[in-house]
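Residues per chain, in single letters:
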2 protein chains.
Amino acid sequence: MENIKAYVQEHKDRFINELIELLKIPSVSADTAYSHDVFETADAVKASLEKAGCDFVEICDTPGYPIVYGEKIIDKSLPTILVYGHYDVQPPDPMELWTSPPFEPVIKKTEIHPEGAIFARGACDDKGQMYMHVKALEYMVQSNTLPCNVKFMIEGEEEIGSKSLSWFVERNQEKLKNDVILISDTGMISNQQPSITTGLRGLSYVEVEVTGPNRDLHSGLYGGAVANPINILAKMIASLHDENNHITIPGFYDNVAELSLEERAEMAKAPFNLENYKKALDLNDVYGESGYVTNERNSIRPTLDVNGIWGGYTGEGAKTVIASKAFAKISMRLVPNQDWEQITELFTKHFRSLAPAGVTVKVKPHHGGQGYVTPTDSIGYKAANMAYTETFGVPAIPVRSGGSIPIVALFEKELKSKTILMGFGLDSDAIHSPNEHFGVFNYLKGIETIPLFYKYFVELSK
Amino acid sequence: MENIKAYVQEHKDRFINELIELLKIPSVSADTAYSHDVFETADAVKASLEKAGCDFVEICDTPGYPIVYGEKIIDKSLPTILVYGHYDVQPPDPMELWTSPPFEPVIKKTEIHPEGAIFARGACDDKGQMYMHVKALEYMVQSNTLPCNVKFMIEGEEEIGSKSLSWFVERNQEKLKNDVILISDTGMISNQQPSITTGLRGLSYVEVEVTGPNRDLHSGLYGGAVANPINILAKMIASLHDENNHITIPGFYDNVAELSLEERAEMAKAPFNLENYKKALDLNDVYGESGYVTNERNSIRPTLDVNGIWGGYTGEGAKTVIASKAFAKISMRLVPNQDWEQITELFTKHFRSLAPAGVTVKVKPHHGGQGYVTPTDSIGYKAANMAYTETFGVPAIPVRSGGSIPIVALFEKELKSKTILMGFGLDSDAIHSPNEHFGVFNYLKGIETIPLFYKYFVELSK
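All figures in this text were calculated on a predicted structure; none of them were measured in a lab.

### Topic: the overall build of chain A
Here is step 1: Across its full length, chain A carries 13 helices and 18 strands.
Here is step 2: The C-alpha radius of gyration of chain A comes to 23 Å, within 12% of the 23 Å expected for a compact globule of 462 residues.
Here is step 3: Considered along the principal axes of its C-alpha atoms, chain A spans approximately 80 × 50 × 45 Å.
Here is step 4: With 462 residues in all, chain A has 64% of them scored as buried.
Here is step 5: Taking as baseline every contact in chain A between residues at least 6 positions apart, the subset at least 24 positions apart corresponds to 78%.
Here is step 6: With the model as given, the accessible surface of chain A reaches about 16700 Å², and the carbon-plus-sulfur share is 52%.
Here is step 7: In chain A, 43 positive and 61 negative side-chain charges are present, and the distance between their average locations comes to 2 Å.

As structure tokens, then:
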């Protein structure tokens, strides 16, 4: 398929500029202040699908942000690929740590990206990776090489739990009917070593509120005599892990799928250098659950992290106050067989039980999703591996990711089809962090690789 | 002294309105955004002292906010009373909890203050209580009853550690020479039961910073594999108290002055109703150090409270991030014989030792001060008690306060004179909290009582 290489070379500047325009719209779904921008981004995605060659594109209203649906049906007897992606992005803060404004994309060279990388919130997660599929379709339509039917479903609530997507999928099973689901919202090992994500962690995200006295108090007059909600919250959070960094919630590990020693040995073959890992994060040491190595701790093991905490006086200088309330946002990453709703209940019950008589506790579930594992002997996996092998010159390695794409489990349940996670980002792309970026090499390589997946998937389906 | 009662009745509306004008200036010393207002307040205090009848008033520059000094010397052979107060106030936040704007004073009736109370930041702490002394001087000058010399020293950094005051006192010992120091910056038991504060707690205030990875990380890709600074900070804070709520810092209790059973029995005589205490704060139960009752926990025992904590994503919705840094403001209330600088060192050393290899820790001392106890057999104490007895009809009860006025220990050291803490506020006045207020009854009663202290102090000094 030399033509695709040539086509990408010829149009790469336009491909990059079109993505940059999309990245300029701050579609932060977590903050209603950006609500207008999220809707505007949906319109931009719709226009891009029409331009790329879809026969039919619509903006589907939902209880939340709209879902952009597009399709090109060339022959009902041929296989159908459903492409999923999301046009919403994570909040950009802390703003002060960005070296360039998060919604003013710029291309900068880095050690890992000598050809340059596009720096902007959403560059990799997921506008950049989603847009690769739009440009791949453009090529196949222009070159008349589209070998099957294609459907696009691009949502705007992935970063806040995809509530409306579940609602939409449950109501549109016929419309979304497909033979395989293709998603680029994960990473690969390196630009020299492609990989395919075969497993994802589930998620349970909650917010907790600890209330002590009915008003802020003078810490001199009341200090030592009443429960301080911040001290209590710290105590409660601390008790959620034991000295081996096992999570102490009763029943938490009951359904955890344990890997065999063989499987763990297979995982250990993936290239990984602990010293480089620590160096990249400026860490003296890693930290985690006893009995597991770093690549297991962040993929096949469930975890509990506080994502945010606040309470009392956080301004300049000193205020001698005992706060009335303290808050934390806590998320648990889950592994296959752990049910996120059950885990949320276990957490809630246990966390409430930790509160002493001097405080009251509220636990508010935010959202969640199940973990997922995909078999490596499926047609979809083989087609993806063949595509990577052709463009990168080496076969892809199957890896379990620590991240969560809760809707993958939803798709299997509602649409009865497998998902293939063809990611082209890198762990170092700082998704969810300041200075998120996406390599120009990765972006263009993705556009090259995707049509090959279509080709091989159709061939293997015959 | 019937005249003072009549004078207060005749001028009370003006007294209240003058105080309200002073309360309108937001002199928040902790936040540089209010810097201009702090200076403006100093000017207002200077003008009020001149108007009240001081012969000489000046604004004394310091490395920080200025100190207003005023004096009226009628006869060098007579005793001299040094009045101390502060014109700065605590930050008003959380603003949303104020029922009326903190710097737009209004008078509202409450259950405890049927004659009404002035609601504003600083109404009680300390503009209102400081201004009682200005109005008491006005009366004594107008009625020609000032029995001795008086000096005023009103500072603008009490809420941030009185750094410049120490600097000033050390350099002006001759100018500040006095026979007794009079301060109204504490409370009394109730409007029916006056009390005199005979003890104060010391203070050590620090800010801590825990740093993990060099940037915010995606909690899915890194969760479980690196130390999460917020989880670690929670663990470190939790470990500062044991299961009996004793503070675990090695050496922390070494110099704590233990009270005799007799002294504790004496303390227990002060009227206190635990049910009302819990009801006033909407608490199911109190919480504190084993082996001590509430009135001991908040006065004769040292404590450690987190005054503020922040880190990670604290905005609307959910963000699955592992923060690079987490922060907390922590203060320790100390008792007599504990040296605040030594305690700060013990805390710093211990807190650093709690950090696992995966994080780095910074401890930044903010400010502090020593505890203090004043004898009840001094002329000053007796004069104060006689004054209260005359205006309230019952003798005052000596109480140990949990609050800190670090400069009281400084005065004893530098000026070699005792301090009398004649407070007229109530614990329920919500100082350092939203809706701070000061009873009109308390304000006027204070103006009535102060001239009696002058009278009896001079008589007993003969």
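### Considering the environment of N231(B)
Here is step 1: Of note, N231(B) is situated in helix α6 (residues 229-238).
Here is step 2: Taking the C-alpha atoms as reference points, N231(B) and E341(B), separated by 110 residues in sequence, lie 29 Å from one another.
Here is step 3: Contacts of N231(B), omitting those with residues within four sequence positions, involve I237(A), H241(A), L304(A), D305(A) and V306(A).

### Re the interface of chain A and chain B
Here is step 1: With 91 residues of chain A in contact, the opposing surface of chain B contributes 91 residues.
Here is step 2: Together, the buried faces of chain A and chain B total about 7700 Å²; carbon and sulfur atoms form 53% of this surface.
Here is step 3: At the boundary of chain A and chain B, one finds zero salt bridges.
Here is step 4: Run the count over chain A and chain B and you get 46 residue pairs in polar contact (both at pLDDT 80 or more).
Here is step 5: When residues of the side of chain A that touches chain B are assigned to their parent elements, the largest contribution, ten residues, is made by strand β11 (residues 303-312) of chain A.
Here is step 6: Residue composition of the side of chain A that touches chain B, by class: 36 nonpolar, 36 polar and 19 charged.

### Some thoughts on the relation of the copies chain A and chain B
Here is step 1: For these two chains of identical sequence, chain A goes onto chain B by a turn of 180° and a shift of 0.0 Å along the axis, with RMSD 0.1 Å. Taken together, the rotation and translation describe the operation of a two-fold axis.
Here is step 2: When the interface residues of chain A are mapped onto chain B, 100% of them again fall at the interface, so both copies present the same face.

### Observations regarding the sheet that holds strand β4 (residues 106-108) of chain B
The pairing of strands in a sheet happens through backbone hydrogen bonds and is either parallel or antiparallel.
Residues and elements named next belong to chain B.
Here is step 1: Spatially, β4-β5-β18 is the arrangement adopted by the three strands of the open sheet, whose pairing is antiparallel. Edge positions in the sheet fall to β4 and β18 (437-439), since each has one partner strand and no second. Averaged over all pairs of adjacent strands, the angle between strand axes in this sheet comes to 30°, irrespective of strand direction.
Here is step 2: Inspection of the sheet shows strand β5 (residues 117-119) paired to β18 by three bridges, in the antiparallel sense. Each residue of the ladder has a partner; that of A117, found in β18, is G439.

### Let's talk about the UniProt feature "domain: Peptidase M20 dimerisation" (unreviewed entry) in chain A
Here is step 1: Within this numbering scheme, the UniProt entry marks residues 199-357 of chain A as carrying the feature "domain: Peptidase M20 dimerisation" (unreviewed entry).
Here is step 2: The span residues 199-357 of chain A is 30% helix and 23% strand, and its two end C-alpha atoms sit 42 Å from each other.

### Description of the sheet that holds strand β5 (residues 117-119) of chain A
All names here are of chain A.
Here is step 1: The strand order β4-β5-β18 describes an open sheet built from three strands, whose pairing is antiparallel. At either margin of the open sheet sits one strand with a lone partner, and together these are β4 (106-108) and β18 (437-439). This sheet shows a mean twist of 30° between the axes of neighbouring strands, independent of strand direction.
Here is step 2: Most of the contacts of helix α13 (residues 440-461) go to β18, to which it runs at about 60°, and overall it touches β4, β5 and β18.

### Remarks on the domain arrangement of chain A
Residue and element names in this part refer to chain A.
Here is step 1: When the domains of chain A are assigned, the result is domain 1 (2-200 + 372-461) and domain 2 (202-256 + 302-369).
Here is step 2: Using C-alpha coordinates to define each centre, domain 1 is positioned 35 Å away from domain 2.
Here is step 3: Counting residues at the interface gives eleven residues for domain 1, matched by eight residues for domain 2.
Here is step 4: For the pairing of domain 1 and domain 2, the buried interface totals around 630 Å² over both sides, and the portion due to carbon and sulfur atoms is 53%.
Here is step 5: The interface formed by domain 1 and domain 2 includes three residue pairs in polar contact (both at pLDDT 80 or more).

### Description of helix α8 (residues 274-281) of chain B
Here is step 1: Within the sequence span of α8(B), burial applies to Y277(B), K278(B) and L281(B). Mapping the buried residues of α8(B) onto a view down its axis gives an arc of 95°, with all of them on the same face. The exposed set on the far side of α8(B), more than 90 degrees from its buried face, consists of K279(B) and A280(B).
Here is step 2: Of the surrounding elements, those touching the buried residues of α8(B) are β10 (217-218) and α5 (219-222) of chain A together with α9 (294-297) of chain B.
Here is step 3: Taking the backbone nitrogen of E275(B) as reference, a side-chain oxygen 2.8 Å away marks N273(B) as the first, capping residue of α8(B).

### Structural notes on the packing of aromatic side chains
Here is step 1: This structure, assessed with the given rule, holds 32 aromatic pairs over all chains.
Here is step 2: Plain terms: the ring middles of F438(A) and Y443(A) are 6.2 Å apart, the flat faces sit at 65° to each other, and that makes the pair edge-to-face. The pair F438(A) / Y443(A) is uniform in exposure class, with both members buried.
Here is step 3: When the ring of Y84(B) is compared with that of F411(B), the centres are 5.6 Å apart and the planes differ by 70°; the resulting orientation is edge-to-face. With Y84(B) in strand β3 (residues 80-86) and F411(B) in helix α12 (residues 407-415), the pair connects residues that are 327 residues apart, well separated along the chain. In terms of burial, Y84(B) and F411(B) fall into one category: buried.
Here is step 4: Members of the aromatic cluster, joined through ring pairs, are Y388(A), F392(A), F424(A) and F441(A).
Here is step 5: Its end group placed over the ring of Y69(A), K175(A) keeps NZ or CZ at 4.8 Å from the ring centre.
Here is step 6: The ring of F392(A) has K445(A) lying over it, and the distance from NZ or CZ to the ring centre is 5.5 Å.

### Focus: the side chain of Q129(B)
Here is step 1: Inspection of the secondary structure puts Q129(B) in helix α3 (residues 127-142).
Here is step 2: Excluding anything up to four places from it in sequence, Q129(B) contacts A123(B), C124(B), S184(B), D185(B), T186(B), M422(B), G423(B), F424(B), G425(B) and F438(B).

### Here's the deal with the pattern of salt bridges
Here is step 1: Throughout the structure, instances matching the rule amount to 42 salt bridges over all chains.
Here is step 2: In this structure, the salt-bridge partner of E296(B) is R264(B), at a minimum N-O distance of 2.6 Å. With E296(B) in helix α9 and R264(B) in helix α7 (residues 261-267), the pair connects residues that are 32 residues apart, well separated along the chain.
Here is step 3: On the basis of relative accessible area, R264(B) is assigned to the partly exposed category, the value being 22%.
Here is step 4: Overlapping salt bridges bring together R14(A), E18(A), K51(A), K135(A) and E138(A) as one network.

### A word on α12(B)
In an α-helix, one turn spans 3.6 residues; hence positions three or four apart end up facing the same way.
Residues and elements named next belong to chain B.
Here is step 1: Across the nine residues of α12, seven count as buried, placing the element largely inside the fold.
Here is step 2: Of all the positions in α12, only I407, V408, A409, L410, F411, E414 and L415 are classed as buried.
Here is step 3: Within two residues after α12, K416 carries a phi angle of roughly 55°, on the positive side.

### Here we look at unusual backbone geometry
Generally, phi is negative for residues other than glycine and the peptide bonds are trans, each holding for most cases.
Here is step 1: In this chain, D93(A) is followed by P94(A) through a cis amide linkage whose omega measures 5°.
Here is step 2: Examined against the element boundaries, P94(A) turns out to sit in the loop between β3 (80-86) and β4.
Here is step 3: The phi angle at N245(A) is positive, at roughly 60°, despite the residue not being glycine.
Here is step 4: Accessibility expressed as a relative area gives 15% for N245(A), which makes it buried.
Here is step 5: Phi is positive for S162(B), which is not a glycine, with a value near 55°.
Here is step 6: Mapped onto the fold, S162(B) is located in the loop between β6 (149-155) and α4 (163-171).
Here is step 7: Of the residues examined, S162(B) reaches a relative accessible area of 2% and is grouped as buried.

Definitions and cut-offs
- Residues numbered from 1 in each chain as written.
- Chains lettered and ligands numbered in written order.
- Predicted model: local features only at pLDDT ≥ 70, side-chain atom pairs only at ≥ 80, totals over all residues.
- Heavy atoms only, no water.
- Helix = DSSP H or I, 4+ residues; strand = E, 2+ residues; numbered from the N terminus.
- Rg over C-alpha atoms; globule rule 2.2 N^0.38 Å.
- Buried < 20%, exposed > 50% of the residue type's maximum accessible area, 1.4 Å probe, protein only.
- Contact = heavy atoms within 4.5 Å.
- Areas by Shrake-Rupley, 256 points an atom, 1.4 Å probe, with all protein chains shown as cover.
- Lys, Arg positive; Asp, Glu negative; His and termini not counted.
- Charge placed at Lys NZ, Arg CZ, Asp CG, Glu CD.
- Buried area = accessible area lost by both parts, 1.4 Å probe.
- Salt bridge = Lys/Arg side-chain N within 4 Å of Asp/Glu carboxyl O.
- Polar contact = N/O pair within 3.5 Å; in protein donor to acceptor, adjacent residues only side chain to side chain.
- Nonpolar A, V, L, I, M, F, W, Y, C, P; charged D, E, K, R; others polar.
- Least-squares fit on C-alpha atoms with pLDDT ≥ 70 in both.
- Pairing = 2+ DSSP bridges.
- Axes fitted to C-alpha atoms, helices over the stretch in contact; angles between N-to-C directions.
- UniProt positions renumbered as here; feature names shortened; annotations may be inferred.
- Domains from an automatic or database assignment.
- Arc of directions from axis to C-beta.
- Phe/Tyr/Trp six-rings, centres within 6.5 Å; stacked < 30°, edge-to-face > 60°.
- Lys NZ or Arg CZ within 6 Å of the ring centre and 35° of its normal.

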